[in-house]
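# A closer look at the structure
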Amino acid sequence: MSNFPSQPNELTKAWLSNSLDYIVEDFSVEPLGEGVGVIGLVTRVTMDTNEGTKTIIAKFPATAAENRMVANMYTMYLREYQFYREIAQDIPVRAPACLHAEYDHSNDNFVLLLEELKGYQLGDQVLGCSTQEAEMVVKSLATFHRSTWNPERFEGINHHYNEAQVQGMSAGFEMGWQVVHESFPDLVTDDVFNQALGMHEKVDTLLSKICSKPLCVAHGDLRLDNVFLGDDHIALVDFQATCISAPEHDLAYFITQSLKRDVRNAKDWVGLYHEELTSQGIEYSLEDCRARYRACALYFLCYAVVICSALDLGNERGKLMAETLLGNSLESIQELQAFELLETL
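### Considering the pairing of strand β5 (residues 109–115)
Burial of β5 is extensive: six of the seven residues sit out of reach of the surface. Inspection of the sheet shows strand β3 (residues 55–61) paired to β5 by four bridges, in the antiparallel sense. In the sheet register, K59 faces β5, and the bridge partner there is L112. In this sheet, β5 lies alongside strand β4 (residues 98–104) in antiparallel orientation, the contact comprising six bridges. Directly across from H100, in β5, lies its bridge partner L113. Between β4 and the antiparallel strand that follows it, β5, lie four residues; D108 among them carries a positive phi value of about 65°.

Structure (structure tokens):
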């Protein structure tokens, strides 16, 4: 048992008042969603108060045992707690203000009280975004990564190249590749299936290559569903996958799985990102940036396969999501001729 609320029904007026440093006379809680792609319980707390903000977002561990197990395996709750406690203040990119955070290392319970972002449009991976919106995201990513370049000062942040990540992606791809081949034969044709057959054996080498220096802090799950779009800037949410990784980690995941073909091919996104990243003195070659982007594009097929093989395809949103991210990923890999990298690993 933790000494703080780890589920919405454990919230009290006294705890909220103490944590927020103003009097909460009464409150109500409504869930914002727990389901596909959400490894936690996100709620809106509406408060009766004369002093502070009247609505906030409260995040708790998932209630579903299988989701909780995945979160604990990949230390996802600890990562988000660490982001707000140790990293957020160094990132010149908009994120919800953290009003209160607690974490229990004995049982991995946590609670976050966050600002509710208003005046933004939430991104949608299925619908995609405009070229202008994609440009805001790419430039913001470069700013994010530039501010955490050579991240040795962020002690305790997970390195993306670790045993659990390698084993999870290897096993997930091995089990899921046949599943998506059967479920999406128009996307995973026999030719595509054969090109990536055995990729699970190359994940360790591929990820080791990707995660060689230089590195930065990565958001880790940079897809449109985690982006709030404003008129002239963006805000990022959901930092449960924050890690030390290649700068191209976020860039490739976003470009290859969140952008539709016309937007993906509208600009030289790697060139734009690199120009912004190196605009204030960072020395990093465009050639190396392009090479790692290509490797990341291939690696993130593992994400698409793991997610798509587990989605409820009887659910319309789940089916559209699977077709979108898997289709975008495979199109990107073909455009980059990234399957050829498997022969070099």
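### Considerations on the nonpolar core
The biggest cluster of nonpolar side chains holds 99 residues, and the ones touching the most others in it are W177, F254, L298, Y299, L301, L326 and F339. Apart from the residues within four sequence positions on either side, Y299 is in contact with H160, Q165, M169, M199, V203, L206, L207 and I210. Counting residues in hydrophobic clusters, the runner-up holds 15 residues, among them L16, L20, Y22 and A58.

### Regarding unusual backbone geometry
The residue after K213, namely P214, is reached through a cis peptide bond having omega 5°. Within the element layout of this structure, P214 appears in the loop between α7 (203–210) and β7 (216–218). Residue T75 is not a glycine yet carries a positive backbone phi of 50°. Among the structural elements, T75 can be located in the loop between α2 (65–73) and α3 (76–87). Residue T75 is classed as partly exposed on the basis of its relative accessible area, which comes to 27%.

Analysis parameters
Residues numbered from 1 in each chain as written. Predicted model: local features only at pLDDT ≥ 70, side-chain atom pairs only at ≥ 80, totals over all residues. Heavy atoms only, no water. Buried < 20%, exposed > 50% of the residue type's maximum accessible area, 1.4 Å probe, protein only. Helix = DSSP H or I, 4+ residues; strand = E, 2+ residues; numbered from the N terminus. Pairing = 2+ DSSP bridges. Core = buried A, V, L, I, M, F, W, Y, C linked by side-chain atoms within 4.5 Å. Contact = heavy atoms within 4.5 Å.

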